[in-house]
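This is what each chain is made of:
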Amino acid sequence: KILFKRDNSLIGNQSNGDKYISGLPDKILGLICLSQLHSCYLLRRNDSYRDSITDQTDLPEGDIGTERDPGILLATMVALNLLETSIRNTIKRGDENASIKYQSVDSNERSARIVGKYEKHLDTPSKIGAPLLKNMIEQLSSLGNLTDVDVDRNKKRKSDESLNSIHIVPPSSLAPILRALLLPTRSASKYALQSTSMHNNNLGMHLVHNLTEDVEITGGLNLRNLISHGFLSTVERRWFSLCVVLIQTLELSFQRDGHTTQKSSVNEFDEGRGECNSTRGGLHSLSSLTKYKPLAFQVKLGQDILLGNEFQDRMRKLEIQSCRRQINEFPSGVCEVKHLVPDSHRCFLKFVLFGLAPSLRGETKSSDDTGTQENPSLPLLPTIFITALSSIIEHSLRLLWCYENQRHYHCIARASEYYVTLDGHGQRDRHDVMISPFLIDGTSKNKLISLIGAPAFAMLSDLFASPSPDAPNIRSAVCHGTLDDAIVAELEELGQWAIVLNGCLNTNQTKQAHTDNNEPFLMDASCALISCLDLISSGVSGQPNMSRYEPVYSYTAMAKRDLGDILSKIDEIDSLISKNTHILNCVESMEEQQSKLCKDMGLLRVDTKALTDMVYRVFPTMVKDPINDIWTIEDVFVEHGSNIVLTNGIAAQKLLSDISREAKAYLTAIRDGMNTLTITPTCTKDKRAVKSMTRFCGISKMTVDFYSFSVYIALLMIMVVHRDTLAVKSSSVVKGDVMILELHRDDVVKAVERTRM
């Protein structure tokens, strides 16, 4: 009652400082401050922000808790994501013997569903996906009641004035509330979500109750999915309040023996997970987005927008471009109106661009503020920025997808039906995915590609839905726990910032926050997202930016990268053999000692040119020049076919990955040890080193012979899988190749397995 009254400001209100702020955990304080950031700080104390939104008449000005407050929407979005993690953590800390019994699911898979384990098998990859909320809530309801010790602790906590309104309850008693809040409704006759104005893309949702006495309620509001997938442009403050209370209640329920749950992370549950997607392994398992040139270039463009000298002008241009209406008039008199961000979400977009984005530059402060100890600048909030912008991009693309593909029915969220989502994380086989080249029927092409352009489509796939271990899968990362540690760190810093701003403490007295918000990945992801928004909005507005982006994280992109590396390493090793007399002498010596072996291995050699021709047949897009050739719509569909083939022939892809890794390691070892061949040994140790290196270099020709043969075997399997998967025996991949047409797949798979061994 105290914390969430509409007239209670915790930011910049010194009278509330000691009374309310001092007793709150930093994470909870940060969430509350985030909900009030727009109305209590930016509008009241930041002239630059206020000037940037003066033309937006529907923004609330200073009324805490109004339904159209974008701060409340974002805070609720973050709180719901953290609530899922709190549920997961509570289950892990609860009674291990009370785990839910899945029918026909072994214990390893049950554990995998809780922690979100990903499994990939050689020939038939499967992804268990994120833990299902339904299963976790069901398991939560089976946890036992509090012990007598817990009841005593609860009584002691009541004496603490800061917690006297929080009663520690058994987690199982929260299950009905969590079901009603988080799970979807199973019957369309029970709840219906409708649009207030579909024609204006004003998709604020309201709940329509059609309940009868004989209908049993199974499910609820599905609020987390509605908000995280971008359907809602506004949300009432009471839902945010409920989420915060639930998070705190779950965490207090199992604070036993002095253990704290304030730092919630999936990292502590990694044991026994085996091979898993890196987006489930925490922030530090994510690769840099500048590893590959196409995406590194887009990150650089994003840096120019976010960190450049003309920030305000670039943000204004991006906002106008994202909301600009493109009107096409047809002879029939019909007018076609397109714009990226719908009117309902423009308020939220402005909050992100002019309120959160400046924090990445360290520039969000009061008008009379110079970032001093008494008036600190808003802390860096890259993960929260990513969370907000991902939601805007997803829903904006959903509306365009529905319009272009004549699927207007899917513009809004409907009870008992799957949504059209951006990434298809977890259940992509049950609904359409916006960044899939085909609709769910498998034959209708996705017309969104033509609107936003093939480069933008490729970039969206890389950022949100790629299978590579290096891929960021951004929306999934912020919604399913990967970036929780970073989000919590940012919330804690935001809470500390509010304490200093209220004059309760100065910066020297605040806690030292252990934050990851300076992690390069977070800033790179922020820059990549803003660059992606710029690329998409330019295409939709009718003034497309020229981009040469092509996929870097798809199965095809990984295979092409491995093949390019292997062929170049084979050429380099061949060059060393022919040009370095010491290595050539070692090879000739080996051929004298092991003549039959060297001759047999030589018979396996496949000429590099023949391999290259074979590669171009399998991967037609590999002939494209990344500097001069633009990624086209035709390339999107060609690569999609290659991705399907590689998905069904994952063993071949793993073989290529093995060869690429080992060829690089072998070449490095030769280069590092070549000098050993030139020394005159003076002791036993030196003699052994020279002898060992002589043998190591002596097998270099056999090594490249075998590597070339291994590449041939991998390509052979890909061609056979292409034949069987796409059932197109007249395609350029297999046309005229009698051997490919007659080979049995099982024989090729066995050859790949033996080659890997």
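About the cut-offs
- Residues numbered from 1 in each chain as written.
- Predicted model: local features only at pLDDT ≥ 70, side-chain atom pairs only at ≥ 80, totals over all residues.
- Heavy atoms only, no water.
- Helix = DSSP H or I, 4+ residues; strand = E, 2+ residues; numbered from the N terminus.
- Buried < 20%, exposed > 50% of the residue type's maximum accessible area, 1.4 Å probe, protein only.
- Contact = heavy atoms within 4.5 Å.
- Areas by Shrake-Rupley, 256 points an atom, 1.4 Å probe, with all protein chains shown as cover.
- Expected span 1.5 Å × (residues − 1).
- Axes fitted to C-alpha atoms, helices over the stretch in contact; angles between N-to-C directions.
- Parallel < 35°, antiparallel > 145°, perpendicular 65-115°, else oblique.
- Left-handed = near helix turned anticlockwise from the far one by under 90°.
- pLDDT = per-residue confidence, 0-100.
- Salt bridge = Lys/Arg side-chain N within 4 Å of Asp/Glu carboxyl O.
- Phe/Tyr/Trp six-rings, centres within 6.5 Å; stacked < 30°, edge-to-face > 60°.
- Lys NZ or Arg CZ within 6 Å of the ring centre and 35° of its normal.
- Lys, Arg positive; Asp, Glu negative; His and termini not counted.

### Overview of the overall build of the protein chain
Okay, step 1: Looking only at helices and strands, one finds 30 helices and four strands in the protein chain.
Okay, step 2: The buried share of the protein chain, taken over its 757 residues, is 55%.
Okay, step 3: Long-range pairs, those at least 24 residues apart, make up 75% of the contacts in the protein chain with a sequence separation of at least 6.
Okay, step 4: Split by element, the accessible area of the protein chain, about 32800 Å² in all, is 50% carbon and sulfur.

### Concerning helix α14 (residues 346–356)
Okay, step 1: A large share of α14 lies buried, amounting to ten of its eleven residues.
Okay, step 2: Of all the residues in α14, the buried ones are Cys 347, Phe 348, Leu 349, Lys 350, Phe 351, Val 352, Leu 353, Phe 354, Gly 355 and Leu 356.
Okay, step 3: Where the residues of α14 are buried, they touch α3 (37–45), α4 (47–52), α5 (70–93), α13 (311–323), α15 (382–404) and α20 (520–540).

### Describing helix α25 (residues 633–648)
Okay, step 1: For α25, built from 16 residues, the straight-helix expectation of 22 Å at 1.5 Å per residue is met to within 8% by its first-to-last C-alpha distance of 23 Å.
Okay, step 2: Listed as buried for α25 are Asp 635, Val 636, Phe 637, Glu 639, His 640, Gly 641, Ser 642, Asn 643, Val 645 and Leu 646.

### So, the packing of helix α17 (residues 454–464) against α20
Okay, step 1: Running from amino to carboxyl end, α17 crosses α20 at an angle of 150°, the nearest separation of the two axes being 10 Å. On the basis of their axis angle, the class for α17 and α20 is roughly antiparallel. Where α17 crosses over α20, the two elements pack in a sense that is left-handed. On α20, the residues touching Pro 455, Ala 456, Met 459, Leu 460, Leu 463 and Phe 464 of α17 are Ala 528, Leu 529, Ser 531, Cys 532, Leu 535 and Ile 536.

### Some remarks on the environment of Met 702
Okay, step 1: Mapped onto the elements of the fold, Met 702 is located in helix α28 (residues 700–726).
Okay, step 2: In this structure, Met 702 is in contact with Met 590, Leu 597, Cys 598 and Met 601, ignoring residues within four places of it in sequence.

### Section: the environment of Met 523
Okay, step 1: If you trace the backbone, Met 523 turns up in helix α20.
Okay, step 2: Given the relative accessible area of 17%, Met 523 is considered buried.
Okay, step 3: Met 523 sits 143 residues away from Leu 380 along the chain, and the two C-alpha atoms are 9.7 Å apart.
Okay, step 4: Sequence-distant contacts of Met 523, that is, excluding residues within four places in its chain, are made with Leu 307, Leu 360 and Pro 382.

### Description of the confidence of the model for the protein chain
Okay, step 1: Put simply, the protein chain has an average pLDDT of 76, and 69% of its residues get 70 or more.
Okay, step 2: Here strand β2 (residues 202–209) stands out as the element of the protein chain with the lowest mean pLDDT, 32, in contrast to α17, whose mean of 95 is the highest.
Okay, step 3: Long-range and interchain partners of residues 56–65, a stretch whose pLDDT sits below 50, account for 31 contacts in this model, where long-range means more than four residues apart.

### Regarding unusual backbone geometry
Okay, step 1: Notably, Asn 222 is not glycine yet its phi reads approximately 55°, a positive angle.
Okay, step 2: Phi at Asn 473 takes a positive value of approximately 45°, unusual for a residue other than glycine.
Okay, step 3: Structurally, Asn 473 can be placed in the loop between α17 and α18 (474–479).
Okay, step 4: With relative accessibility at 7%, the residue Asn 473 sits in the buried group.

### Details of the pattern of salt bridges
Okay, step 1: Tallied over the entire structure, the rule returns 25 salt bridges.
Okay, step 2: The salt bridge involving Arg 671 is made with Glu 572; its shortest N-O contact spans 2.4 Å. With Arg 671 in helix α26 (residues 650–673) and Glu 572 in helix α21 (residues 555–579), this pair connects stretches of sequence that are 99 residues apart.
Okay, step 3: Judged by its relative accessible area of 43%, Arg 671 falls in the partly exposed class.

### Brief notes about the packing of aromatic side chains
Okay, step 1: One pass over the structure, following the stated rule, counts five aromatic pairs.
Okay, step 2: Note on Tyr 41 and Trp 497: the rings are 4.8 Å apart at their centroids and 90° apart in plane angle, and the pair reads as edge-to-face. Linking Tyr 41 in helix α3 with Trp 497 in helix α19 (residues 484–501), this pair joins segments that are 456 residues apart in sequence. Across the pair, exposure class does not vary: Tyr 41 and Trp 497 are buried alike.
Okay, step 3: Ring geometry for Tyr 292 versus Tyr 553: centroids 6.0 Å apart, planes at 75°, classification edge-to-face. Taken together, the residues Tyr 292 in the loop between α11 (237–253) and α12 (293–307) and Tyr 553 in the loop between α20 and α21 connect sequence positions 261 residues apart. Just as Tyr 292 is buried, Tyr 553 falls in that class too.
Okay, step 4: Here Arg 414 stacks its cationic end above the ring of Tyr 409, 3.8 Å away from the centre of that ring.
Okay, step 5: Stacked on the ring of Tyr 292, the Lys or Arg Arg 561 has its end atom at 3.8 Å from the ring centre.

### Notes on the side chain of Lys 560
Okay, step 1: Mapping Lys 560 onto the fold places it in helix α21.
Okay, step 2: Despite its burial, Lys 560 remains without a salt bridge, the nearest opposite charge being carried by Glu 550 at 4.4 Å.
Okay, step 3: When neighbours within four sequence positions are excluded, Lys 560 is seen to be in contact with Glu 550, Phe 619, Thr 621, Met 622 and Glu 639.

### Here's the deal with the packing of α13 against α14
Helix-helix packing is described using two parameters, namely the angle between the two axes and the distance between the axes.
Okay, step 1: Between α13 and α14, whose axes approach to 10 Å, the crossing angle comes to 160°. Relative to α14, the element α13 lies roughly antiparallel. Considering how the two elements wind past one another, α13 and α14 form a crossing that is right-handed. Together, Phe 311, Gln 312, Met 315, Arg 316, Leu 318, Glu 319, Ser 322 and Cys 323 of α13 and Arg 346, Leu 349, Lys 350, Leu 353 and Phe 354 of α14 make up the contact between the two elements.

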